[in-house]
Amino acid sequence: MTEQMSVDSAPPSGQPTSGPHFDFQDTQTGDLGVLAAIADAMKSDSLADRLESLKRLSVLALAIGEERTREELIPFLDESIDDEDELLLSLAEVLGDFVQYVGGPKYAYVLLRPLENLAAAEETVVRDKAVESINKLVEVMDQPQVEEYLIPCVARLSAGEWFTSRSSAAGLYAAAYGKVTDAIQSKLRAGYEALCKDETPMIRRAAASNLEALVSRIEKDHVLSFAIPNFRRLADDDQDSVRLLTIEPLVAITKCLSTEECKQYLGESVQRLCVDKSWRVRYMVADHFVAIATNIKDRELQEELVNVAISLMHDNEAEVRGAICTQLDGLADLAAPEAIVARLQAPLQELVEDPSQHVRATLGKHIGSLCRVFGREGTIEHLLPLLLRLLKDSFPDVRLNIISKLDAVDNVVGIDSLSQSLLPAIVELAEDKQWRVRLAIIEYVPLIASQLGMQFFDEQLSNLCMSWLGDPVYSIREAATVNLKKLTDVFGVDWARSTIIPKILVMANHPNYLYRITTIFAITTIAPSVTPEIVRDLILPSLEGLVNDPIPNIRFNVAKSLVPLTMALRKSPETAPLEGSVIRPTLARLEEDRDPDVRFFASRSLMAINNAQA
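Residues numbered from 1 in each chain as written. Predicted model: local features only at pLDDT ≥ 70, side-chain atom pairs only at ≥ 80, totals over all residues. Heavy atoms only, no water.

### Structural notes on the overall build of the protein
Just so we agree on the cut-off: Only DSSP runs of H or I covering at least 4 residues are called helices, and only runs of E covering at least 2 are called strands; the numbering of each starts at the N terminus. Within these notes, the globule rule equals 2.2 Å times the number of residues to the 0.38 power, and the radius of gyration is based on C-alpha atoms. Partly exposed residues are those whose accessible area sits between 20% and 50% of the maximum for their type, while under 20% is buried and over 50% is exposed, using a 1.4 Å probe and protein chains only. Throughout, a contact is declared for two residues whenever any of their heavy atoms are within 4.5 Å. Counting rule for charge: Lys and Arg are taken as positive, Asp and Glu as negative, and neither His nor the chain ends is counted. The atoms used to mark charge sites are NZ of Lys, CZ of Arg, CG of Asp and CD of Glu.
In terms of regular secondary structure, the protein is built from 38 helices and zero strands. On C-alpha atoms alone, the protein measures out to a radius of gyration of 34 Å, which is more than a quarter above the 25 Å that the 2.2 N^0.38 rule sets for 614 residues. When its C-alpha atoms are laid out on the principal axes, the protein stretches across 85 × 85 × 40 Å. The buried share among the 614 residues of the protein stands at 53%. A fraction of 69% describes how many contacts in the protein between residues 6 or more apart in sequence connect residues 24 or more apart. Side chains of the protein carry 61 positive and 90 negative charges; the gap between the two charge centres is 4 Å.

### Quick word on the UniProt feature "repeat: HEAT" (unreviewed entry) in the protein
Rules: UniProt positions are given in the numbering used here, feature names are shortened, and annotations may be inferred rather than shown by experiment.
When the UniProt feature table is mapped onto this chain numbering, "repeat: HEAT" (unreviewed entry) sits at residues 111-149, 188-226, 227-265, 344-382, 383-421, 422-460, 539-572 and 583-614. The span residues 111-149 shows a helical share of 79% and a strand share of 0%, and its end C-alpha atoms are spaced 10 Å apart. With 77% helix and 0% strand, residues 227-265 has its two end C-alpha atoms placed 11 Å apart.

### Digging into a negative patch on the surface
Heads up, the rule is: A patch is a set of surface residues, each over 30% in relative accessible area and not in a salt bridge, joined within 9 Å for like charges and within 5 Å for the nonpolar side chains Val, Leu, Ile, Met, Phe, Trp and Tyr. The protein chains shown are the only cover counted for residues, whose accessible areas, like all others here, come from Shrake-Rupley with a 1.4 Å probe. Whenever a carboxyl oxygen of Asp or Glu lies within 4 Å of a side-chain nitrogen of Lys or Arg, that contact is scored as a salt bridge.
A cluster of acidic residues, Glu-84, Asp-85, Glu-86, Glu-122 and Glu-123, forms a negative patch at the surface. Structurally, Glu-123 is set in the loop between α6 (112-118) and α7 (124-140). You can call Glu-123 partly exposed: its relative accessible area is 31%.

### Considerations on helix α33 (residues 493-506)
To keep things clear, this is the line we draw: By this rule, a helix spans an expected 1.5 Å times one less than how many residues it contains. We define the bend at any residue as the angle between the axes fitted to the seven residues before and including it, ending there, and the seven starting there.
Between its terminal C-alpha atoms α33 stretches 18 Å, which fits the 20 Å expected from 14 residues at 1.5 Å a residue. Taken as a whole, α33 carries its principal kink of about 40° at Ile-500; the proline Pro-502 stands between one and four residues after it. Buried-residue contacts for α33 involve α30 (454-460), α31 (462-467), α32 (474-491), α34 (513-526) and α35 (532-547).

### Digging into the packing of aromatic side chains
Definition in use: Here is the rule: rings of Phe, Tyr and Trp (six-membered ring for Trp) pair when centre to centre is within 6.5 Å. Planes less than 30 degrees apart are stacked, more than 60 are edge-to-face, and the remainder are tilted. We call a charge positioned above a ring when the Lys NZ or Arg CZ atom is no farther than 6 Å from the ring centre and deviates by at most 35 degrees from the ring normal.
Counted under the stated rule, the structure contains ten aromatic pairs. With centroids separated by 6.0 Å and ring planes inclined at 65°, the aromatic side chains of Phe-457 and Trp-495 adopt a geometry described as edge-to-face. Within this pair, whereas Phe-457 is found in helix α30, its partner Trp-495 is found in helix α33, the two being separated by 38 residues in sequence. Ring geometry for Tyr-474 versus Phe-521: centroids 6.4 Å apart, planes at 85°, classification edge-to-face. Note that Tyr-474 is positioned in helix α32 and Phe-521 in helix α34, a separation of 47 residues in sequence. Residue classification places Tyr-474 among the partly exposed positions, given a relative accessible area of 42%. Joined through ring pairs, the aromatic side chains of Tyr-173, Tyr-192 and Phe-226 make up one cluster. Across from the ring centre of Tyr-107, 3.7 Å away, lies the NZ or CZ of Arg-70, which sits over that ring. Between Lys-560 and the ring centre of Phe-601, over which it is positioned, the NZ or CZ distance is 5.1 Å.

### Here we look at the packing of helix α24 (residues 371-391) against helix α26 (residues 406-413)
The axes of two packed helices give the description: the angle between them and the distance between them. What counts here: Angular values range over 0 to 180 degrees, each being the angle between N-to-C directions of two axes fitted as lines to C-alpha atoms, with helices fitted over their stretch in contact. Roughly parallel refers to an angle under 35 degrees, roughly antiparallel to one over 145, roughly perpendicular to one between 65 and 115, and oblique to any angle outside these ranges. Handedness of a crossing is defined here by the sense of rotation of the near helix relative to the far one, left-handed for an anticlockwise turn of less than a right angle and right-handed for a clockwise turn. Any residue outside Ala, Val, Leu, Ile, Met, Phe, Trp, Tyr, Cys, Pro, Asp, Glu, Lys and Arg is labelled polar, Gly included; the first ten of those are nonpolar and the last four are charged.
Closest axis-to-axis distance for the α24/α26 pair is 9 Å, and the angle between their directions is 120°. Classified by the interaxial angle, the pair formed by α24 and α26 is oblique. Crossing geometry of α24 relative to α26 is assigned as left-handed. Contacts between α24 and α26 involve Cys-371, Arg-372, Gly-375, Arg-376, Thr-379, Ile-380, Leu-384 and Leu-387 from the former and Ala-408, Val-409, Val-412 and Val-413 from the latter. Looking at side-chain class alone, the contact of α24 with α26 contains eight nonpolar, two polar and two charged residues.

### A few points about the nonpolar core
We apply this condition: Residues grouped as a nonpolar core are buried Ala, Val, Leu, Ile, Met, Phe, Trp, Tyr and Cys residues, joined through side-chain atoms within 4.5 Å.
If you look at the biggest cluster of nonpolar residues, it comprises 203 residues, and the most contacted ones within it are Phe-98, Phe-289, Leu-348 and Trp-468. Contacts of Trp-468, omitting those with residues within four sequence positions, involve Ala-430, Ile-441, Ile-442, Val-445, Ile-476, Arg-477, Ala-480 and Asn-483.

### Description of the packing of α34 against helix α36 (residues 552-569)
Contact pair α34 / α36: the axes reach a minimum separation of 9 Å and the direction vectors enclose 10°. Classified by the interaxial angle, the pair formed by α34 and α36 is roughly parallel. Together, Tyr-513, Arg-516, Ile-517, Ile-520, Phe-521, Ile-523 and Thr-524 of α34 and Asn-553, Ile-554, Asn-557, Val-558, Ser-561, Pro-564 and Leu-565 of α36 make up the contact between the two elements.

### Concerning the environment of Ala-207
Here Ala-207 shows up in helix α12 (residues 201-215). For Ala-207, a relative accessible area of 0% translates into the label buried. In the structure, Ala-207 is positioned 15 residues away from Tyr-192 in sequence and 7.3 Å away in space, judged by C-alpha atoms. When neighbours within four sequence positions are excluded, Ala-207 is seen to be in contact with Ala-170, Tyr-192, Leu-195, Cys-196 and Leu-234.

### Considerations on the side chain of Asn-295
Inspection of the secondary structure assignment puts Asn-295 in helix α18 (residues 289-296). For Asn-295, the residues in contact, after removing those within four places along its chain, are Val-251, Thr-254, Lys-255 and Cys-262.

### A look at helix α4 (residues 66-79)
For α4, spanning 14 residues, the distance from its first C-alpha to its last is 19 Å, which sits close to the expected 20 Å at 1.5 Å a residue. Leu-73 marks where α4 bends most, by close to 25°; the proline Pro-75 follows one to four residues later.

### A look at the confidence of the model for the protein
Condition: Confidence of the predictor at the level of single residues is given by pLDDT, which spans 0 to 100.
On average, residues of the protein score 84 in pLDDT, and 90% of them reach the 70 mark or higher. Low pLDDT (under 50) marks residues 1-33, which in the prediction has 54 contacts with non-local residues, meaning those over four places away or in another chain.

### Regarding the environment of Leu-54
Turning to its location among the elements, Leu-54 is positioned in helix α2 (residues 47-55). Judged by relative accessible area, which is 3%, Leu-54 ranks as buried. Those residues within four positions of Leu-54 in sequence are excluded, and the remaining contacts are Leu-87, Ser-90, Leu-91 and Val-94.

### Quick look at the pattern of salt bridges
Following the criterion strictly, the structure yields 31 salt bridges and no others. The residue Asp-236 makes a salt bridge to Arg-272 at a minimum N-O spacing of 3.3 Å. Residue Asp-236 is located in the loop between α13 (220-235) and α14 (240-243), and its partner Arg-272 is located in helix α16 (residues 259-274); the two are separated by 36 residues in the primary sequence. Overall, Asp-236 belongs to the partly exposed group, its relative accessible area being 46%. Residue class for Arg-272 comes out partly exposed when judged on its relative accessible area of 39%. Between Arg-584 and Glu-579 there is a salt bridge, with its nearest N and O atoms 3.0 Å apart. Judged by relative accessible area, which is 23%, Arg-584 ranks as partly exposed. The network of salt bridges with common partners includes Arg-113, Glu-116 and Arg-156.

Here is the structure:
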């Protein structure tokens, strides 16, 4: 730092003091320990120490008091601005939350000067953070303060020689606009228009990116006289980096206008942006397409925009095609359903075969939303074939996205049609080599089961659900146990007793220990959903053999499983005595096990049971 801050030990009595102008001794206590440490850190050669000192500025401010913070600490920070970007960023952030240390909102203006300097820094992230902090201050400043201190600050930054200060100024106009008189508002609009006309592209970019916030604060008349002309100017800019930033202001402007005004003032600009020569601009249009078209409100223009959307589906850039796919749901409302169905069939056929896997994945995530527009017959005829092709895509994310959104299809076509057309493909995916695909199928099974019914599930999916318990991937086995609990909740305890639990318990005798340990996980997970009688009659007897299993992992997992089983047994007075006659003796035996892990978990389970009882 250029200015040294020193808080050394106090000089001997009677000797003159010498040192820097800023002396941050705590005048109330005279204790310099903490303050000296902070001050030493601020003048340290180590960037880490200086950063740490900034985080502790609040301690120093509290110690020296509000008045000295305003008169000494803040000027010191202003004069001591470092050239390390990381330090400047931290200082900009700290000052935004420093109002309480300078005396509250009525003194918030004191913080503007150092933040103004930071807003002119070379590094973009420093400037952005300084602007953010100034806007925080504006929230607590009253109108006289804004007019006396902030407006001159904005004016100085807007007239700055370097582009850095002018680009920061663009981010301050919106916050200031609502807290000043009409006369000053007029000057602010003129100042912002000058930034929109600035010869430096970086300034025009800043003006474009901040125009949306300003539009939300100005009156309708000024939207027409100020916002729209400047939007058009920026939308016709020769730099695509400027034009792409006009899409969000366009959405904000359309919200303020009537149908006729949108058509009159914005129609041509919108159409030009939709076919812009830069793919980045077309991407932004595609990403905000529905918001733009919906706000325009003019039905004729909306139907024209549907044609534009279809052309974006054929765009040369994959990013543009992917962006317009995210808009399919809202796009369907821009024209009559019959017209949408007819016009989307061909582009959807092409997108299903798109060379970009990310486009196909995005399509898979959003194509289901069209079912409500296509209707039952249209979905079965046109969309289900496309969904089947996407379900067999080589890229796993495409398949995952289709599976995760099948409920939208089911709501329209019904489970019968879905099971006949898509279920075979889903069953095939259940054995997919990608474990994430198998996991997605597992998570979808309870929904399928609740809609297919018990009989269909038992015939088609029951064995599949059991096979997942033996999957080589632990996450699949774990999800399979949770899946069985959900199925028990769907079909009921009687179904679980007769169908699922016997199959689980058979695995307790499997020669592979992974199957045996999965048995324990499964019955532990299911226990809260079944009756105490099922625990007594089926589950406890099967665990007796596993208590003596040669694998320690099996034995200590048995000890862990006895806790939820005990909670289940306590629900009925008929089964509660088993805690004393079976559970506790079993855990006592495991406490004497030769393996230390088994002994540990047996003791912990006993403790958990005792605590639950208390």
